Amino acid sequence: MQQSPVFFEKKTLNDPEFPVQIINCSHSEKNWRMVFSREYAVNDYTHLEGSDCFIHWHEHLEMHYALEGTGCVQINQTFHDLAPGDLAIVNPCEIHGDRCNTPPYSYVAIIFEMKDVSKELAEMNVLFRPVIRQDKTIASLFERLHEESLSPLPGSKQVCKALVLDLIVYLIRHYTAQTLNDRESRQRKKDMMRLSAALQHIDRNYHLPLTNADLAEASHMSESRFNHLFRQIVGVPPMKYLIDVRLRKAMNMLTTSHTSVTDVCYTTGFRDYNNFGRLFLKRFGITPTQACQKPEDLTGR
């Protein structure tokens, strides 16, 4: 069954003693066909074969620390490969998703709102660098976080909270990318909320001949303001993003149904079969016909 992308993920962390979500994540298989796939369990993210991408955003800070194997994190439209010892940081109001490159891929994910850990630090409105590689201090903190999050011993939550606070302070001192004022911070959230309307409109109507004007109207913005904001947040023009959504939808149909390549082309909104084939090959490194084949039939991939 196709899983629809979820753009805004509302998180509720109800434990006032421990307002941090620590998730030990594991991908046991590599699915080169999919861009991003996640199936949610209580404390585990498992690769979901044949699902559509899960690209979303929320108001919390999210970090992924790679433990084993290699993976990839998308932050807005930039893809970052991760190896053991690398840390990816998703700042609030950033579109993101993840995938496994070489299994078994495991990582520790922590999710929280800065104000719940430290109001003083939250008032700084810091944005962190997206990727930090092979920092020994960060490695030590995450190794202890991983151990304590699995420990049945009393006081493990308090230790984890202290470690998260140590981590935040270290990141602020060494890996701050930008500091926002209060107005900029509020505007960032407002812009993302308005942009979500356009992203959802694309996901529901990608098969239609959408225009920038259509998307701007869905976001209740002028076309010029919408185009600027979309590029600024997502990283690519709206029509390029629309094409990418169509290509991902096409990949999903080719790998999870018996629909012909021709029908997939026109069903996903493309009007020229040859152009569809060129764009698909450029995006995924294989042709639409190859995407229909079983992975074991594609030698060397």
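Residues numbered from 1 in each chain as written. Predicted model: local features only at pLDDT ≥ 70, side-chain atom pairs only at ≥ 80, totals over all residues. Heavy atoms only, no water.

Participant: An account of the nonpolar core is requested, with residue identities and associated values reported.
Facilitator: Counting 31 residues, the largest nonpolar core has Met63, Leu87, Ile110, Phe112, Ile138, Phe142 and Leu171 as its most contacted members. For this core, the secondary structure elements donating two or more residues are strand S1 (20-27), strand S4 (61-75), strand S6 (86-90), strand S7 (96-112), helix H1 (114-117), strand S8 (126-128), helix H3 (136-150) and helix H4 (156-175). Here this core takes 9 residues from H4, the largest share from any one element. Contacts of Ile110, omitting those with residues within four sequence positions, involve Val20, Gln21, Ile22, Leu61, Glu62, Met63, Phe142, Leu145 and Leu167. Counting 24 residues, the second-largest nonpolar core is a separate cluster that includes Ile55, Ile202, Leu242 and Val245. (Core = buried A, V, L, I, M, F, W, Y, C linked by side-chain atoms within 4.5 Å. Buried < 20%, exposed > 50% of the residue type's maximum accessible area, 1.4 Å probe, protein only. Helix = DSSP H or I, 4+ residues; strand = E, 2+ residues; numbered from the N terminus. Contact = heavy atoms within 4.5 Å.)

Participant: Give a description of the pattern of salt bridges that names residues and reports values.
Facilitator: Under the counting rule described, the total for this entry stands at 10 salt bridges. The shortest N-O distance in the salt bridge between Lys115 and Asp116 comes to 3.4 Å. Here Lys115 falls in the partly exposed class, since its relative accessible area comes to 46%. Here Asp116 falls in the partly exposed class, since its relative accessible area comes to 31%. Here Asp203 ties to Lys249 by a salt bridge, and the two come within 2.9 Å at their closest N and O atoms. Of the two residues, Asp203 is situated in helix H5 (residues 182-205) and Lys249 in helix H8 (residues 238-256); the sequence distance between them amounts to 46 residues. (Salt bridge = Lys/Arg side-chain N within 4 Å of Asp/Glu carboxyl O.)

Participant: An account of unusual backbone geometry is requested, with residue identities and associated values reported.
Facilitator: Excluding glycine, residues mostly have negative phi values, and the peptide bonds linking residues are mostly trans. The omega torsion across Pro103 and Pro104 is -10 degrees, close enough to zero to call that bond cis. Even without being glycine, Asn125 reaches a positive phi, approximately 50 degrees. As for its placement among the helices and strands, Asn125 is situated in the loop between helix H2 (119-122) and S8. Phi is positive for Gln134, close to 55 degrees, though the residue is something other than glycine.

Participant: Explain H5 to me, using residue names and the numbers behind them.
Facilitator: Note that an α-helix has 3.6 residues per turn; residues three or four places apart therefore point the same way. For H5, spanning 24 residues, the distance from its first C-alpha to its last is 35 Å, which sits close to the expected 34 Å at 1.5 Å a residue. Turning to H5, its buried residues number three or more, namely Asp191, Met192, Leu195, Ser196, Ala198, Leu199, Ile202, Asp203 and Asn205. For H5, the elements touching its buried residues are helix H6 (212-218), helix H7 (223-234) and H8. (Expected span 1.5 Å × (residues − 1).)

Participant: Outline the layout of surface pockets, listing residues and values.
Facilitator: Space inside the largest pocket adds up to approximately 620 Å³. Lining the largest pocket are 22 residues, and of these Pro92, Glu113, Ala122, Asn125 and Ser185 lie nearest its centre. Sorting the residues of the lining of the largest pocket by element identifies H1, H2, S8 and H5 as the ones contributing at least two each. Sort the elements by how many residues they give to the lining of the largest pocket and H5 lands first, with 5 residues. The computed volume of the second largest pocket comes to approximately 500 Å³. Around the second largest pocket, the lining comprises 21 residues; the ones closest to its centre are Leu127, Gln178, Arg188, Gln232 and Ile233. Where the lining of the second largest pocket is concerned, the elements lending two or more residues are strand S5 (78-82), S8, strand S10 (176-179), H5 and H7. If you tally residues by element for the lining of the second largest pocket, the top one is H5, at 5 residues. (1 Å grid on protein atoms, 1.4 Å probe; cavity = no way out; pocket = protein on both sides within 12 Å on 5 of 7 lines; lining within 4 Å. Points joined across faces, edges and corners; volume = space filled by probe spheres on them.)

Participant: Outline the pairing of S7, listing residues and values.
Facilitator: Across the 17 residues that make up S7, a large majority, 13, are buried. Two strands pair when backbone bridges link them, and S1 and S7 are joined in this way by 8 bridges, in the antiparallel orientation. Bridge pairing in S7 links Ile22 to Ile110. In this structure, S4 lies alongside S7, joined through 13 bridges in antiparallel fashion. Looking at the pairing, Ala66 lines up with Tyr107 of S7. (Pairing = 2+ DSSP bridges.)

Participant: Break down the packing of aromatic side chains for me, with residues and values.
Facilitator: Following the criterion strictly, the structure yields 8 aromatic pairs and no others. Between Phe230 and Tyr241, the aromatic rings sit 5.6 Å apart at their centres with planes inclined by 70 degrees, giving edge-to-face as the arrangement. Of this pair, Phe230 sits in helix H7 while Tyr241 is found in helix H8, placing the two residues 11 residues apart along the sequence. Look at Phe230 and you get buried, because its relative accessible area is 0%. Residue classification places Tyr241 among the buried positions, given a relative accessible area of 4%. (Phe/Tyr/Trp six-rings, centres within 6.5 Å; stacked < 30°, edge-to-face > 60°.)

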